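The lines below spell out each chain.
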Amino acid sequence: MLIEALSVFPEMFEPVMSTSILGRARRAGLFDFCAYDLRDWTHDRHRTVDDAPFGGGQGMLMKVTPIAEALESISAEGPRPHVVFFTPCGTPFTQSVAERLSHEERLLFVCGRYEGIDERAYAFADERLSIGDYVLTGGELAAMVVADAVVRLIPGALGDEMSNVDESFATGAGGGLLEYAQYTRPADFRGVEAPAVLLSGDHAKVAQWRRANAIERTCRWRPDLIATADLTPEERARAEALIEELHTGGQVVLCDDAETGTPTRAAAPEMSEVRHG
C-alpha cells in the first residue's frame, strides 16, 4: 500500500509515520508513505495557496487551482489513488471505513487549512471523511488518525494477527462491541483484585467471561453500538435488559465478582466510579 498526503505542512507527517507500529510496518515494507507540499503547484513568487472568499466572510479559503494541478500531477504516475478529503460534510470515520480503506492499493489524503477549501476542489474527491464533530486547525491530524487506523489493519503490521480481532469496534464475527476489560500484574492492587477467572488457566471460561464483559461494557458506556453489534439472540436479549437497567436512573449497577468474574448486581456508588478503558 502507498499512503500519500497533500498538505501545506508536509513536515508534520514524518515523526508519526516513522514511529511505533507505523514505523515498523513501513520499515518492513508493508506500506510506503509520501507527503507533498501543495505550494509546489503554485505559480507566484509568494507560493500562494489561499485567497479571500467570494461574497465576503471570515478567513481565507484554499484555492482550487493548486489542489487540482497537484492531484492531476500526483495521479499521473502509478496506479490511480483513492483520493480522500476531510470535511464536516464527510462520512463519519469508523472502524468499518478503516477496514475498507485498508484494501486500497493507494490512498491520497488532501489536507485542508484556513477557513476551508473552494467547493470546486471536491470534484476531485473519491470520498469525503469526517473524524468527528469538532474543528481542527488542519486536515493533517485527521489524515494521521486515518492512516494509523488503516495501517494497523494491514496483515503483519501488528505481528499477532488476532490483535485487531478482539479490539473495540472490530467488525468481524461477533464484533461491533467495546473490548473487554483487561488486567495485568499485580493481581491485587490496593485491595482491588483482578477477576479470578482470568487467572484460572481455563481458556474456555476466560473466553466466556471476556465475551460477557465486552457486552456489559458496551451496554454501559456505548449502548448505541448494540443495535449493530453481531450478537446471538440470547446475547441481544441480555444486552437489551442490561441497557434498560443501566440507563434508567442508575439504581442498578453491574460489577464483576472477583471470584467468578461474572456480572453481579450492586448498589450504585455514591461517588463517580473509576472507568477503565
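Refer to the structure presented above.
So, here is what we can say about the structure in this document. This is a predicted model, so every value here is computed, not measured. Sequence positions are assigned chain by chain, starting from 1 and proceeding in written order. Given that this is a predicted model, residues contribute local features only at a pLDDT of at least 70 and side-chain atom pairs are listed and counted only at 80 or more, while totals for whole chains, interfaces and linings are drawn from all residues. The side-chain quantities take in all heavy atoms of the structure and omit both hydrogens and water.

## Brief notes about the sheet that holds strand 3 (residues 50–51)
Thinking step 1. The sheet built from 3 strands is open, its strands ordered 3-4-7 with mixed pairing. Each having just a single partner strand, strand 3 and strand 7 (116–117) make up the two edges of the open sheet.
Thinking step 2. Here, a strand pair is defined by DSSP locating no fewer than two bridges between the strands. A run of DSSP states H or I qualifies as a helix once it reaches four residues; a run of E qualifies as a strand once it reaches two. Both are numbered from the N-terminal end. The pairing of strand 3 with strand 4 (residues 61–62) spans 2 bridges and is classified as antiparallel. Directly across from D50, in strand 4, lies its bridge partner M62.

## Points about the layout of surface pockets
Summary: where empty space remains is shown by rolling a probe the size of a single water molecule over the atoms.
Thinking step 1. Every definition here rests on a 1 Å grid over the protein atoms only: cavities are sets of points where a 1.4 Å probe fits but cannot get out, pockets are open sets enclosed by protein on both sides within 12 Å along at least five of seven lines, and lining residues have some atom within 4 Å of a point. Grid points are joined across faces, edges and corners, and a volume is the space filled by probe spheres set on the points. Estimates place the volume of the second largest pocket at around 520 Å³.
Thinking step 2. Forming the boundary of the second largest pocket are 24 residues, of which F86, T87, P88, V135 and L136 lie nearest the centre.
Thinking step 3. Of all the secondary-structure elements, those providing two or more residues to the lining of the second largest pocket are strand 5 (82–92), strand 7 and strand 8 (127–130).
Thinking step 4. A total of 4 residues in the lining of the second largest pocket trace back to one element, the largest contributor, which is strand 5.
Thinking step 5. Tallied by class, residues from the lining of the second largest pocket come to 12 nonpolar, 8 polar and 4 charged. Gly counts as polar in this scheme, as do all residues outside two lists: the nonpolar Ala, Val, Leu, Ile, Met, Phe, Trp, Tyr, Cys and Pro, and the charged Asp, Glu, Lys and Arg.

## So, unusual backbone geometry
Thinking step 1. For the peptide bond that leads from R185 to P186, omega is 5°, which places it in the cis range.
Thinking step 2. Tracing the chain through its elements places P186 in the loop between helix 5 (140–151) and strand 9 (188–189).
Thinking step 3. Here R47, not a glycine, exhibits a phi torsion of approximately 55°, which is positive.
Thinking step 4. Among the secondary structure elements, R47 is positioned in the loop between strand 2 (32–37) and strand 3.
Thinking step 5. Positive phi outside glycine occurs at Y114, with the angle close to 60°.
Thinking step 6. Its place among the elements puts Y114 in the loop between strand 6 (106–110) and strand 7.

## Re the environment of D224
Thinking step 1. You can see D224 is positioned in the loop between helix 6 (203–221) and helix 7 (233–246).
Thinking step 2. In this structure, the C-alpha to C-alpha distance between D224 and I243, residues 19 residues apart in sequence, is 9.8 Å.
Thinking step 3. Polar contact is the term for a pair of N or O atoms within 3.5 Å; when the atoms are in protein, one must be able to donate a hydrogen and the other to accept it, and sequence-neighboring residues count only if both atoms are side-chain atoms. Of the polar contacts made by the side chain of D224, one reaches the side chain of R222; its length is 2.8 Å.

## Digging into the sheet that holds strand 2
Thinking step 1. Across the sheet, which stays open at both edges, the 5 strands sit in the order 2-1-6-5-8 with parallel pairing between neighbours. In this open sheet, the two edge strands, each paired with only one partner strand, are strand 2 and strand 8. In this sheet, adjacent strand axes meet at a mean angle of 30° when their direction is disregarded.
Thinking step 2. Pairing between strand 1 (residues 2–7) and strand 2: 6 bridges, direction parallel. Bridge pairing in strand 2 links S7 to D37. Note on geometry: axes are lines fitted to C-alpha atoms, helical ones only across the stretch in contact, with angles between N-to-C directions running from 0 to 180 degrees.

## Some remarks on a nonpolar patch on the surface
Thinking step 1. A patch is a set of surface residues, each over 30% in relative accessible area and not in a salt bridge, joined within 9 Å for like charges and within 5 Å for the nonpolar side chains Val, Leu, Ile, Met, Phe, Trp and Tyr. The Shrake-Rupley method, run with a 1.4 Å probe, gives the accessible areas here. Residue values count only the displayed protein chains as cover. Should a side-chain nitrogen of Lys or Arg be within 4 Å of a carboxyl oxygen of Asp or Glu, the pair is scored as a salt bridge. On the surface, Y134, L136 and L141 cluster together into a nonpolar patch covering about 290 Å² of accessible area.
Thinking step 2. Checked against the element boundaries, L136 lands in the loop between strand 8 and helix 5.

## Comments concerning the pairing of strand 6
Thinking step 1. The rule is simple: take the accessible area with a 1.4 Å probe, protein chains only, and divide by the maximum for that residue type; under 20% is buried, over 50% is exposed, in between is partly exposed. Of all 5 residues in strand 6, 5 are buried; the element is thus mostly enclosed.
Thinking step 2. Because side chains alternate across strand 6, one face comprises the buried residues R106, L108 and V110, and the other comprises L107 and F109, equally buried.
Thinking step 3. Direction of pairing for strand 1 relative to strand 6: parallel, over a ladder of 5 bridges. Bridge pairing links L6 to V110 in strand 6.
Thinking step 4. Taken together, the 4 bridges between strand 5 and strand 6 define a ladder with parallel strand orientation.

## Notes on the packing of aromatic side chains
Thinking step 1. Geometry of aromatic contacts follows a simple scheme: Phe, Tyr and Trp rings, the Trp one being its six-membered ring, pair when their centres are within 6.5 Å, and the pair is stacked under 30 degrees between planes, edge-to-face over 60, tilted otherwise. Under the definition given, this model contains 4 aromatic pairs.
Thinking step 2. Pairing F13 with F33 gives two aromatic rings, centres 5.5 Å apart and planes at 40°, and the pair type is tilted. With F13 in the loop between strand 1 and helix 1 (14–17) and F33 in strand 2, the pair connects residues that are 20 residues apart, well separated along the chain.
Thinking step 3. Its relative accessible area of 8% is what places F33 among the buried residues.
Thinking step 4. With centroids separated by 5.2 Å and ring planes inclined at 50°, the aromatic side chains of F85 and Y122 adopt a geometry described as tilted. In this pair, F85 is assigned in strand 5 and Y122 in the loop between strand 7 and strand 8, connecting sequence segments 37 residues apart. The exposure classification of F85 matches that of Y122, with both residues buried.
Thinking step 5. Any Lys NZ or Arg CZ found within 6 Å of a ring centre and within 35 degrees of that ring's normal is scored as a charge over the ring. The ring of W221 has R220 lying over it, and the distance from NZ or CZ to the ring centre is 5.7 Å.

By themselves, these figures tell us nothing about what the structure is for.
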